[in-house]
Structure formats: C-alpha cells, structure tokens
Amino acid sequence: MSLRHYLRRPPAISAAEAVRLVEHGALVVDVRRQFEWNRVHIPGAVHAPLEELLDRCLEFPDDRLLITFCTGGIRSAGAANLLVENGFDAVDMSGGLVH
C-alpha cells in the first residue's frame, strides 16, 4: 500500500456510530494482524489483515457499508481509502481500540 493511502483522511466515524451502523447492516473489517485479532476482536467482524486486504476485496459484499477497524486508527484509515478506491462504500472507525 502506498503512502498516499495513509495521508488522505477517509470519512471517519466514532465507535458509537459504528455500533449504530452495524445494527443497520454495516460490516466491520478488522485490518489488524493475526496476533491482535487473537487477543480480542469485535464479534461479527471480518478479519482481513491490511497486508492481505487488496487480495481479499472480492470477498467483501458490495452492497453494504464497510467499517474498517484497527488498534489505533492509522491502518484502518489507509484500508478505508483502499476500499473506496476499489469501489466500496467504506468508512474508518477513528481511534480504533485506543478510544
């Protein structure tokens, strides 16, 4: 993933907004590494480490909002940009687990 994916700020939402959107059909995409996922993860989330995200895009539904998520928000911001560039409706859950 190029540096530009991290420099642009994708649409961002809070954790509370993410909960509301999931209740209305959005899907959380956790882009953390396997050991982070193993420690704790959001029930119902899809695990797609950032390093694999582009290769796994075809697995994601194209009729649902995708909410990217990581520990601090930097990787998920890049992931949201990448998904948007590939035709998905995606937002970043800002702050990740640290908020």
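Basis of the calculations
Residues numbered from 1 in each chain as written. Predicted model: local features only at pLDDT ≥ 70, side-chain atom pairs only at ≥ 80, totals over all residues. Heavy atoms only, no water. Helix = DSSP H or I, 4+ residues; strand = E, 2+ residues; numbered from the N terminus. Buried < 20%, exposed > 50% of the residue type's maximum accessible area, 1.4 Å probe, protein only. Contact = heavy atoms within 4.5 Å. Areas by Shrake-Rupley, 256 points an atom, 1.4 Å probe, with all protein chains shown as cover. Core = buried A, V, L, I, M, F, W, Y, C linked by side-chain atoms within 4.5 Å. Pairing = 2+ DSSP bridges. Phe/Tyr/Trp six-rings, centres within 6.5 Å; stacked < 30°, edge-to-face > 60°.

Per an unreviewed UniProt entry, the recorded name for the protein chain is Rhodanese-like domain-containing protein, and the organism is Rhodococcus jostii.

> Talk me through the overall build of the protein chain; I want residue IDs and the actual numbers.
Looking only at helices and strands, the protein chain features five helices and five strands. From first element to last, N terminus to C terminus, the protein chain shows the α and β order α-β-α-β-α-β-α-β-α-β. Burial status across the protein chain gives 46% buried among its 99 residues. For the protein chain, contacts bridging at least 24 residues in sequence account for 64% of all contacts bridging at least 6. Just so you have it, the protein chain exposes about 5,500 Å², and 57% of that area is on carbon and sulfur atoms.

> Break down the nonpolar core for me, citing the residues and quoting the values.
As a rule of thumb, soluble globular proteins bury nonpolar side chains together. Residues Val29, Val31, Leu53, Phe60, Leu66, Leu83 and Phe88 are the most contacted members of the largest nonpolar core, which totals 15 residues. Looking at this core, the elements that each hand over two or more residues are β2 (27-30) and α5 (74-85). Among the elements that line this core, the one with the most residues is α5, at three residues. In contact with leucine 83, not counting residues within four places along its chain, are Leu53, Cys57, Phe60, Leu66, Thr68, Phe88 and Ala90. By size, the runner-up hydrophobic cluster in this structure holds 12 residues, among which are Ala18, Val28, Ile67 and Val91.

> Pulling in residues and values, what's your account of the sheet that holds strand β5 (residues 90-93)?
Taken in spatial order, the five strands of this open sheet run β1-β5-β4-β2-β3, and their pairing is parallel. Lying at the two open borders of the sheet, with one neighbouring strand each, are β1 (12-13) and β3 (46-47). Pairing of β2 with strand β4 (residues 66-69), which is carried by four bridges, proceeds in the parallel orientation. Across the sheet, the residue bridging to valine 28 is isoleucine 67, located in β4.

> Kindly report on the packing of aromatic side chains, identifying the contributing residues and their values.
Under the counting rule described, the total for this entry stands at one aromatic pair. With centroids separated by 6.2 Å and ring planes inclined at 75°, the aromatic side chains of phenylalanine 60 and phenylalanine 88 adopt a geometry described as edge-to-face. Within this pair, whereas phenylalanine 60 is found in the loop between α4 (53-56) and β4, its partner phenylalanine 88 is found in the loop between α5 and β5, the two being separated by 28 residues in sequence. Judged on exposure class, the residue phenylalanine 60 and its partner phenylalanine 88 are both buried.

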